[in-house]
Amino acid sequence: MKRDLLVKEAMRTKILTCSPSDTVKKVAKSMRKNKVGSSIVISKRKPIGIITESDILGKVVAEGRDANKVKVEEVMSTPLITIDPYVTIEDAMKIMSKHNIRRLPVVEKGKLTGIVTEKDLFRISPALLEISKEWSLIEGALPTVSSQISIFGKCEGCGKLSADLVEIDGKFLCEDCREG
Ligand SMILES: [Zn+2]
């Protein structure tokens, strides 16, 4: 049987990053220039969120807001779910379905090393498209193995940046707040 492809083999290593205080206009320009659909938001060297074309269209353009004035942190998606590079692309697809996201930044040993998108995975493995349609019908049937992902962002308990958030009762909490 063919070995399952790993995220590491399917990811793009060209990643665009921006800062939370950048304007949406600046990021949109750099996305267009680099022909990518998203930019990862980095604060204090940690990925804390992601801004995508659809964030810009839906939260800025469609709302008639001025892209020169809106800052990335106002419209980015956060917290950020990231994936380990040694997870299979099938599991990556499951994680995307479960969390209803189309891209997963790849983090190895705390360092951002790439990104996988739903589109790329479908291209590499068209069979995944059929499987993912079935998954989407089975609600709650896709457990995520916690070692496969990390959640980066601001703790909703203490406000600190953390690379180890866990969702508890709908709130993303850091290690300290989970124990407290
Ligand atoms: Zn906390």
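Below, the structure is looked at part by part.

Conventions and cut-offs
Residues numbered from 1 in each chain as written. Predicted model: local features only at pLDDT ≥ 70, side-chain atom pairs only at ≥ 80, totals over all residues. Heavy atoms only, no water. Helix = DSSP H or I, 4+ residues; strand = E, 2+ residues; numbered from the N terminus. Rg over C-alpha atoms; globule rule 2.2 N^0.38 Å. Buried < 20%, exposed > 50% of the residue type's maximum accessible area, 1.4 Å probe, protein only. Contact = heavy atoms within 4.5 Å. Areas by Shrake-Rupley, 256 points an atom, 1.4 Å probe, with all protein chains shown as cover. Lys, Arg positive; Asp, Glu negative; His and termini not counted. Charge placed at Lys NZ, Arg CZ, Asp CG, Glu CD. Donors = N, O, S within 2.8 Å, 3.2 Å for Na, K, Ca; no water. Tetrahedral: all angles 85-135°; square planar, octahedral: opposite > 155°, others 65-115°. Salt bridge = Lys/Arg side-chain N within 4 Å of Asp/Glu carboxyl O.

**Brief notes about the overall build of the protein**
Okay, so step 1: When helices and strands are counted, the protein shows eight helices and ten strands.
Okay, so step 2: For 180 residues, the compact-globule estimate of 2.2 N^0.38 gives 16 Å, and the protein sits close to it at 17 Å.
Okay, so step 3: Taking the principal axes of the C-alpha coordinates as reference, the protein spans close to 55 × 45 × 30 Å.
Okay, so step 4: Per-residue burial over the protein gives 39% buried out of 180 residues.
Okay, so step 5: Of all intrachain contacts in the protein linking residues separated by at least 6 positions in sequence, the fraction that spans at least 24 positions is 53%.
Okay, so step 6: Of the roughly 10800 Å² that the protein leaves accessible, carbon and sulfur atoms contribute 50%.
Okay, so step 7: Averaging the locations of the 31 positively and 25 negatively charged side chains of the protein gives two centres separated by 9 Å.

**Re the environment of isoleucine 15**
Okay, so step 1: As for its placement among the helices and strands, isoleucine 15 is situated in the loop between helix H1 (7–10) and strand S1 (17–18).
Okay, so step 2: Here isoleucine 15 falls in the partly exposed class, since its relative accessible area comes to 26%.
Okay, so step 3: Through-space distance from the C-alpha of isoleucine 15 to that of lysine 26 is 16 Å; in sequence the pair is eleven residues apart.
Okay, so step 4: Once you skip the residues sitting within four places of it in the chain, isoleucine 15 turns out to touch Ile40, Leu112, Thr113 and Gly114.

**Digging into the coordination of the zinc ion**
Ideal coordination angles are 109.5 degrees for a metal with four donors arranged tetrahedrally and 90 or 180 degrees for a metal with six donors arranged octahedrally.
Okay, so step 1: At the metal site, the zinc ion is ligated by Cys155 (SG), Cys158 (SG), Cys174 (SG) and Cys177 (SG), and these contacts range over 2.3 Å.
Okay, so step 2: Angles of 106 to 112° at the metal separate the four donor atoms of the zinc ion, which places the site in the tetrahedral class.
Okay, so step 3: Here the donor residues of the zinc ion share one chain and are spaced in sequence as C-x2-C-x15-C-x2-C. A residue pair is termed long-range when its members are at least 10 positions apart, and cysteine 158 in the loop between strand S7 (149–154) and strand S8 (161–162) and cysteine 177 in helix H8 (residues 175–179) qualify at 19 residues.
Okay, so step 4: In this structure cysteine 177 comes out as partly exposed when scored by relative accessible area, which is 24%.

**Structural notes on the pattern of salt bridges**
Close approach of charged atoms allows side chains of opposite charge to pair.
Okay, so step 1: Across all of its chains, the model carries eleven salt bridges by this definition.
Okay, so step 2: Put simply, aspartate 120 and arginine 12 hold a salt bridge, and the shortest N to O gap is 2.7 Å. With aspartate 120 in helix H6 (residues 118–124) and arginine 12 in the loop between H1 and S1, this pair connects stretches of sequence that are 108 residues apart.
Okay, so step 3: A relative accessible area of 3% places aspartate 120 in the buried class.
Okay, so step 4: Aspartate 66 serves as the salt-bridge partner of lysine 69, at 3.6 Å between the closest nitrogen and oxygen.
Okay, so step 5: The partly exposed category is assigned to aspartate 66, whose relative accessible area is 34%.
Okay, so step 6: Three or more residues joined by partner-sharing salt bridges are found here, namely Arg12, Asp120 and Arg123.

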